[in-house]
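Structure at a glance
Here's the letter readout for the chains.
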Amino acid sequence: MTNRNDNVNYKPMFLLSAMFMGIIGSGFMSKEEAPLHSAPSIFQQKQALKYYVEDPIEIVAGDITSIHKIASIILKDEVSAMITPELKSAEGLTSVYQIGDYELTIENFDLKKSKEQDIFVSVRKVAVGATAKEDLLVLTSMHDTQESGTKANEVVSTYKLKVAVSDTTAPVISVVLDEDVITEGDDFDAEDYFESAIDDVDGEIAHETESDVDNYTPGVYTVTYRAKDNAGNESSASVTITVEEKEEPVQSFDYSSYYGGYYGNLSGVSSSAIASAALAQVGLSQDCTVLASNALAAAGVSYHGWPAGYMSLGSIVSGAEAQPGDLIYYADGGMGMSHIAVYIGGGQAVHGGWNGSSTVVAGAYIGSGPVFIRVGQ
């Protein structure tokens, strides 16, 4: 006997049962399991605000008086242009300013960064003499007066503005001196003349130095310092450096006690000693009489006087007889004045006072012609 239930398909029944149980089960879902829709945050509400002024407000980077420009757009004539904004607090990109009887909280605002920014300005009127207190933020339409029956110092209205912060001010470079004079061969470092490079937005910034100073060559040189801020504004400052020729020390003696006379034994004076002492003075700055006196002093003779006076120290010899160490007198050394030199042989002599004050080796036959003097004879 065939079982009537053998060919029955139970699958649809199970599906219907499962659907039924699902419907029943959903009715018992806990509150915590149900999907929630959170209210928009304060920031989201602010973002949803329309711009109070559609065109960007031009702001100068780093200029706190720009805050007054923002305030005057919202408060119109309520704030005098003579009032300087006072920074009450600052944290991150949020700053609180006091302007007259109003307190402005400015969010998402970087006064030091050159760019376009969407900012939110909350305005609260603070009664003069009243104690400032925290008030609930009231988001309003851009054109509502927001009186709502509250006290004046409890009203907070928020505005969404677009500002364009621009930094057009170049850094200020300070130097120790505008110009300086150094002597040939002195140590020189261009950085010794640099003091600082300060930008009103970026603070102290780096600089570059350009210098063509050659402290071993006399001349006039320039040191230039350059600095650029983060906004690309550049500035420069220069220092003029003058390198003066180094003057060789002048070897001089006090001949006042024996001017016009001589001391020492003139007999047996070494002519070679006189010549060697004269050559040793080449390059010194001195006149002709100091050269001759210094050369004589090396041979033990102390004398100083006018050029003609040196003729009293010996006898005149001819040019053919002249030898190194002889003195040479010139009635006119070529400049219209008398002159004294030291002969070193070969038609050459050491001359002091050459071209003013130099000691050089030059020809013995100059000016009015040489008169050779053999010292001690």
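Cut-offs used in this document
Residues numbered from 1 in each chain as written. Predicted model: local features only at pLDDT ≥ 70, side-chain atom pairs only at ≥ 80, totals over all residues. Heavy atoms only, no water. Helix = DSSP H or I, 4+ residues; strand = E, 2+ residues; numbered from the N terminus. Buried < 20%, exposed > 50% of the residue type's maximum accessible area, 1.4 Å probe, protein only. Contact = heavy atoms within 4.5 Å. Areas by Shrake-Rupley, 256 points an atom, 1.4 Å probe, with all protein chains shown as cover. Phe/Tyr/Trp six-rings, centres within 6.5 Å; stacked < 30°, edge-to-face > 60°. Core = buried A, V, L, I, M, F, W, Y, C linked by side-chain atoms within 4.5 Å. Arc of directions from axis to C-beta. Axes fitted to C-alpha atoms, helices over the stretch in contact; angles between N-to-C directions. Parallel < 35°, antiparallel > 145°, perpendicular 65-115°, else oblique. Left-handed = near helix turned anticlockwise from the far one by under 90°. Nonpolar A, V, L, I, M, F, W, Y, C, P; charged D, E, K, R; others polar. Salt bridge = Lys/Arg side-chain N within 4 Å of Asp/Glu carboxyl O. pLDDT = per-residue confidence, 0-100. Polar contact = N/O pair within 3.5 Å; in protein donor to acceptor, adjacent residues only side chain to side chain. Pairing = 2+ DSSP bridges.

In this section: the overall build of the protein chain. The secondary structure content of the protein chain amounts to five helices and 21 strands. A burial count over the protein chain gives 35% of its 377 residues as buried. A separation threshold of at least 6 residues defines the contact pool for the protein chain, and within that pool the share at least 24 residues apart is 56%. Within the structure as shown, the protein chain displays about 22,200 Å² of accessible surface, and the carbon and sulfur contribution to it stands at 52%.

Inspection of the entire model under this criterion finds six aromatic pairs. Aromatic pair Y52 and Y159: ring centres 5.0 Å apart, planes at 65°, arrangement edge-to-face. Taken together, the positions of Y52 in strand β1 (residues 51–60) and Y159 in strand β6 (residues 156–166) put the pair 107 residues apart, joining distant regions of the chain. Taking 4.8 Å as the distance between ring centres and 80° as the angle between the ring planes, the aromatic pair formed by Y303 and Y310 counts as edge-to-face. Accessibility assignment for this pair places Y303 and Y310 in one class, buried.

For soluble globular proteins, the rule of thumb is that nonpolar side chains tend to be buried together. In this structure, I70, L104, I106, F109 and V121 are the most contacted members of the largest nonpolar core, which totals 25 residues. Taken together, the elements giving at least two residues each to this core come down to β1, α3 (66–75), β3 (94–99), β4 (102–107), β5 (116–125) and β6. Ranked by residue count, the leading element in this core is α3, at five residues. If we skip the residues at most four places from it in the chain, I70 touches I59, I106, F109, I119, V121, L161 and V163. Counting 22 residues, the second-largest nonpolar core is a separate cluster that includes V269, I274, A277 and V350.

A few words now on helix α4 (residues 271–279). Restricting attention to buried positions, one finds in α4 the residues S271, I274, A275, A277 and A278. The buried residues of α4 occupy an angular sector of 165° when projected down its axis, which confines them to one face.

Moving on: α3. Within α3, seven of the ten residues are buried, which leaves it mostly tucked inside the rest of the structure. Along α3, the residues classified as buried are S66, I67, H68, I70, A71, I74 and L75. In the stretch just after α3, K76 is the one whose phi turns positive, near 55°.

Time to look at the packing of α4 against helix α5 (residues 288–297). Orientation of α4 relative to α5, taken along the N-to-C sense of each, is 130°, at an axis distance of 8 Å. By the angle between their directions, the pair α4 and α5 is classed as oblique. Crossing geometry of α4 relative to α5 is assigned as right-handed. Every residue of α5 that contacts α4 at A273, I274, A277 and A278 is listed here: L291, N294, A295 and L296. For the contact of α4 with α5, the per-class residue count stands at seven nonpolar, one polar and no charged.

Before going further, it helps to examine unusual backbone geometry. The phi dihedral of N108 is positive, around 60°, even though this residue is not glycine. Here N108 shows up in the loop between β4 and β5. Even without glycine at this site, N355 takes up a positive phi of about 55°. Along the chain, N355 turns up in the loop between β19 (348–354) and β20 (358–363).

Opposite charge on two side chains lets them pair, provided their charged atoms get close. Per the counting criterion, the structure on display carries five salt bridges. Note that K88 is salt-bridged to E86, the shortest N-O span being 3.9 Å. One salt bridge connects K162 with D118, and the closest N-O pair in it is separated by 3.0 Å. Of the two residues, K162 sits in strand β6 while D118 sits in strand β5, which places them 44 residues apart along the sequence.

As a further point, take the confidence of the model for the protein chain. Across the protein chain, pLDDT averages 78, with 75% of residues at or above 70. Segment residues 1–39: pLDDT under 50, and two contacts once partners within four positions in sequence are set aside and those in other chains are kept.

Relative to the helices and strands, Q286 resides in the loop between α4 and α5. Within the local environment of Q286, its side chain forms a polar contact with the side chain of Q281, the two groups lying 2.9 Å apart.

So, about the sheet that holds strand β10 (residues 203–204). Ordered in space as β7-β9-β10, the three strands form an open sheet in which the pairing is antiparallel. Looking at the sheet topology across the chains shown, the edges are occupied by β7 (172–175) and β10.

Along the polypeptide, H68 turns up in helix α3. Judged by relative accessible area, H68 falls into the buried class, the value being 11%. If near-sequence neighbours (up to four positions away) are discounted, H68 is found in contact with V79, S80, A81, I83, P85 and I99.

Below, the discussion takes up the environment of L313. Relative to the assigned elements, L313 resides in the loop between β15 (302–303) and β16 (314–317). With relative accessibility at 2%, the residue L313 sits in the buried group. Residues L313 and R374 lie 61 residues apart in sequence; the distance between their C-alpha atoms is 8.0 Å.

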